[in-house]
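Structural features, examined
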Amino acid sequence: MAEITAAAVKELREKSGAGMMDCKKALSETNGDMEAAADWLRAKGLAAAAKKSSRTAAEGLVGVAVAGTKGVAVEVNSQTDFVAKNDIFQGFVRDVTALALETGDDIEAIKAAKMPQGGTVDEVLTANISTIGENQVLRRAKKVEVAKGAVIPYVHNAAAPGLGKIGVLVALESDAGVDVLEPLGKQLAMHIAAAFPLALDETGLDQETLERERAIAKEKAAESGKPADIIEKMVEGSVKKFAKENALLSQLFVMDGKTPIADVVAKAGKDAGASIVLKDYVRFQLGEGIEKEESDFAAEVAATAGLTK
């Protein structure tokens, strides 16, 4: 068997766009023949999948699943909204979300998990990229759990059961029955979908975000021409207002526009005769934080047709 050098692996990787380990395996399978190895990768669909991986994937689906006192949300991205309607893609997201309930929300652990139809999540994802013809990415997952109570799921504008563009989980810890927790959780989940809280409470807000708000407030306050001590109070007031409006427990309930979420939960517990604690939540909105590529459709068509260099 020919010696497989690092330089040969590097050359094949640059030529095919496939992963390093796949290139090494291809060269081993073809006794070091570069062209045969490139063909081997194409035959396996690995080169095609790798080449597509440079394309921005900002569409797709968010999946949510619950089992008693635990729940998980998973985001899987694709390049176009059209793929989100594909049965293969929807089935993949549904299966991966179910697996994440058991494996937890570590992405690498999810990728290594075995799918019901065989193969790992990562292997099936690679195959789907080649079959469907678009880049797809298992982007993130988050699991929540309570010792007692319930985790309530909600999908805004669901594309299919448990799948949509905004997925929410509400973790309520309580001795109250599901007849109390489910309707409360559903209302809270709808609020979360609409109000987009940044953290459960003010202590959980990202410090970098707060400092950015402080800098903006300072700039605005400086234009007032007021004394420095007044400006400092104005700045701190602005930051406190931002924190209050973006922490879930202090947000005003969208259903009435006046009651803090903490009070909504407390009242529900009082009415039920059992303490209810809003322990945690998840809000995944498809593609948030992903910078989408702007494309010239006419140029893309021309390039595909070979009309441009």
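What counts as what
- Sequence order as written defines residue numbering, which begins from 1 separately in each chain.
- The predicted origin of the model limits local features to residues at a pLDDT of at least 70 and limits the giving and counting of side-chain atom pairs to 80 or more, whereas totals for whole chains, interfaces and linings rest on all residues.
- Side-chain metrics in this entry use all non-hydrogen atoms of the structure; hydrogen atoms and water are not considered.
- Each helix is a run of DSSP H or I of at least 4 residues and each strand a run of E of at least 2, with the numbering of both proceeding from the N terminus.
- Should any heavy atoms of two residues lie within 4.5 Å, those residues are counted as being in contact.
- Note on areas: these come from Shrake-Rupley sampling with a 1.4 Å probe, and a residue is covered only by the protein chains present in the view.
- Scored from 0 to 100, pLDDT records how confident the predictor is in each individual residue.
- Strands qualify as paired when DSSP identifies two bridges or more between them.
- Axis lines are fitted through C-alpha atoms, for helices just across the contact stretch, and the angle between N-to-C directions can take any value from 0 to 180 degrees.
- By definition here, a helix of n residues has an expected span of 1.5 Å times n minus one.
- Between buried and exposed lies partly exposed: a residue is buried under 20% and exposed over 50% of the maximum accessible area for its type, with that area taken using a 1.4 Å probe on protein chains only.
- Each pair of aromatic rings taken from Phe, Tyr and Trp, with Trp reduced to its six-membered ring, is defined by centres within 6.5 Å and is described as stacked if the planes are under 30 degrees apart, edge-to-face if over 60, and tilted in the remaining cases.
- The criterion for a charge sitting over a ring is simple: Lys NZ or Arg CZ within 6 Å of the ring centre, and within 35 degrees of the ring normal.

Right, let's get into the overall build of the chain. Along its length, the chain carries 13 helices and seven strands. Sequence separation of at least 24 residues holds for 64% of the intrachain contacts in the chain that already meet a minimum separation of 6. In the form shown here, the chain has an accessible surface area of approximately 16800 Å², with 52% of it arising from carbon and sulfur atoms.

Across the chain, the average pLDDT comes to 87, with 88% of residues at or above 70. Counted against residues more than four places away or in other chains, residues 300-309, with its pLDDT under 50, gives four contacts.

As a further point, take the side chain of S250. Within the fold, S250 resides in the loop between helix 11 (228-246) and helix 12 (261-272). The contact partners of S250, leaving out residues within four places of it in the chain, are E202, A243, K244 and P260.

Overall, antiparallel pairing links the three strands, which are arranged 4-6-7 in an open sheet. Edge positions in the sheet fall to strand 4 (149-156) and strand 7 (276-285), since each has one partner strand and no second. Across the sheet, the mean angle separating the axes of adjacent strands is 15° when strand polarity is ignored. Of the pairings in the sheet, the one linking strand 4 to strand 6 (residues 166-174) comprises eight bridges and is antiparallel in character.

Structural remark: α-helix, 3.6 residues per turn; residues separated by three or four positions point the same way. Over its 18 residues, helix 9 (residues 178-195) extends 25 Å from the first C-alpha to the last, a length consistent with the 26 Å expected when each residue adds 1.5 Å. For helix 9, the secondary structure elements touched by its buried residues are strand 4, strand 6, helix 12 and strand 7. Following helix 9 by one or two positions, F196 adopts a phi angle in the positive range, close to 50°.

So, about unusual backbone geometry. In this structure, N157 takes a positive phi of about 50° despite not being glycine. You can see N157 is positioned in the loop between strand 4 and strand 5 (163-164). On the accessibility criterion, N157 (63% relative accessible area) is exposed.

This next bit is on the packing of aromatic side chains. With the rule as written, the count across this model stands at zero aromatic pairs. The aromatic ring of F284 is capped on one face by R140, whose charged end is 4.0 Å from the ring centroid. The positively charged end of R283 is found above the aromatic ring belonging to F196, 4.1 Å away from the centroid.

A few words now on the sheet that holds strand 5. With antiparallel pairing, four strands are arranged side by side in an open sheet as 3-2-1-5. Both outer strands of the open sheet, strand 3 (136-145) and strand 5, are each paired with one neighbouring strand and no more. Direction of pairing for strand 2 (residues 70-78) relative to strand 3: antiparallel, over a ladder of nine bridges. Looking at strand 3, one finds that G71 is bridged to V144. Against the sheet, helix 6 (residues 87-103) makes contact with strand 1 (59-67), strand 2, strand 3 and strand 5, and its axis sits at roughly 145° relative to strand 2, the strand it touches most.

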